[in-house]
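Single-letter residue listing:
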Amino acid sequence: FQAWSIAGAVLAGTGGPIWLLGLLFTVCGALIQYLAWTVGLGGVLLHKLAPMPAAAAPPLPPPDAPRRPPFEPLLFADPHAEEDEKYAAAAGRNRGGDGPDPAAG
């Protein structure tokens, strides 16, 4: 931002008709510096004097409210899952099943 003001001072110091261009650069530099200071100080003041409130957590449902699952069941679930469980139960490979123990023998 200082570059505009410095360039204006250099051009204005050369003399002749170029001083008008230097004046233009100096005025543009001053305007840019004014805007930067205004925006910067405004941001600091807004942050310090009016901080944003912390987001509040949503209220918890009452304990007796019915609970919904956190997501809907998948549309493309395994259609053979029940058949696999039945087969495993019939073969004795389900948890706690009465089938033969493969480690025994």
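That block above? That's the structure.
All of these numbers come straight from a predicted model, not from anything done at the bench.

Caption draft 1: Just the packing of aromatic side chains, in detail. Inspection of every chain in the model, using the stated rule, returns one aromatic pair. Between Trp4 and Phe25, the ring centres sit 5.2 Å apart and the planes meet at 40°, which makes this aromatic pair tilted. Highlighted residues: Trp4 in helix H1 (residues 2–13) and Phe25 in helix H2 (residues 18–49), separated in sequence by 21 residues. What makes Phe25 partly exposed here is its relative accessible area of 24%.

Caption draft 2: How the structure looks around H1. The terminal C-alpha atoms of H1 lie 17 Å apart, and with 12 residues this matches the ideal 16 Å at 1.5 Å per residue to within 8%. Downstream of H1 by one or two residues, Gly15 has phi in the positive range, about 85°.

Caption draft 3: Structural context of the packing of H1 against H2. Interhelical geometry of H1 versus H2 gives an angle of 160° and a closest axis separation of 7 Å. Relative to H2, the element H1 lies roughly antiparallel. For the pair H1 and H2, the crossing hand works out as left-handed. Where H1 approaches H2, its residues Gln2, Trp4, Ser5, Ala7, Gly8, Ala9, Leu11 and Ala12 are matched on the opposing element by Ile18, Trp19, Leu21, Gly22, Phe25, Thr26, Cys28, Gly29, Ala30, Ile32 and Gln33. Split by residue class, the contact of H1 with H2 holds 12 nonpolar, seven polar and no charged.

Caption draft 4: Structural detail: the environment of Leu20. Structurally, Leu20 can be placed in helix H2. Separated by 12 residues in sequence, Leu20 and Gly8 place their C-alpha atoms 9.2 Å apart.

Caption draft 5: Quick peek at the side chain of Ser5. For Ser5, the location among the structural elements is in helix H1. Within the structure, the side chain of Ser5 is placed 3.3 Å from the side chain of Gln33, a separation counted as a polar contact. In contact with Ser5, not counting residues within four places along its chain, are Phe25, Thr26, Gly29, Ala30 and Gln33.

The rules behind each value
Residues numbered from 1 in each chain as written. Predicted model: local features only at pLDDT ≥ 70, side-chain atom pairs only at ≥ 80, totals over all residues. Heavy atoms only, no water. Phe/Tyr/Trp six-rings, centres within 6.5 Å; stacked < 30°, edge-to-face > 60°. Helix = DSSP H or I, 4+ residues; strand = E, 2+ residues; numbered from the N terminus. Buried < 20%, exposed > 50% of the residue type's maximum accessible area, 1.4 Å probe, protein only. Expected span 1.5 Å × (residues − 1). Axes fitted to C-alpha atoms, helices over the stretch in contact; angles between N-to-C directions. Parallel < 35°, antiparallel > 145°, perpendicular 65-115°, else oblique. Left-handed = near helix turned anticlockwise from the far one by under 90°. Contact = heavy atoms within 4.5 Å. Nonpolar A, V, L, I, M, F, W, Y, C, P; charged D, E, K, R; others polar. Polar contact = N/O pair within 3.5 Å; in protein donor to acceptor, adjacent residues only side chain to side chain.

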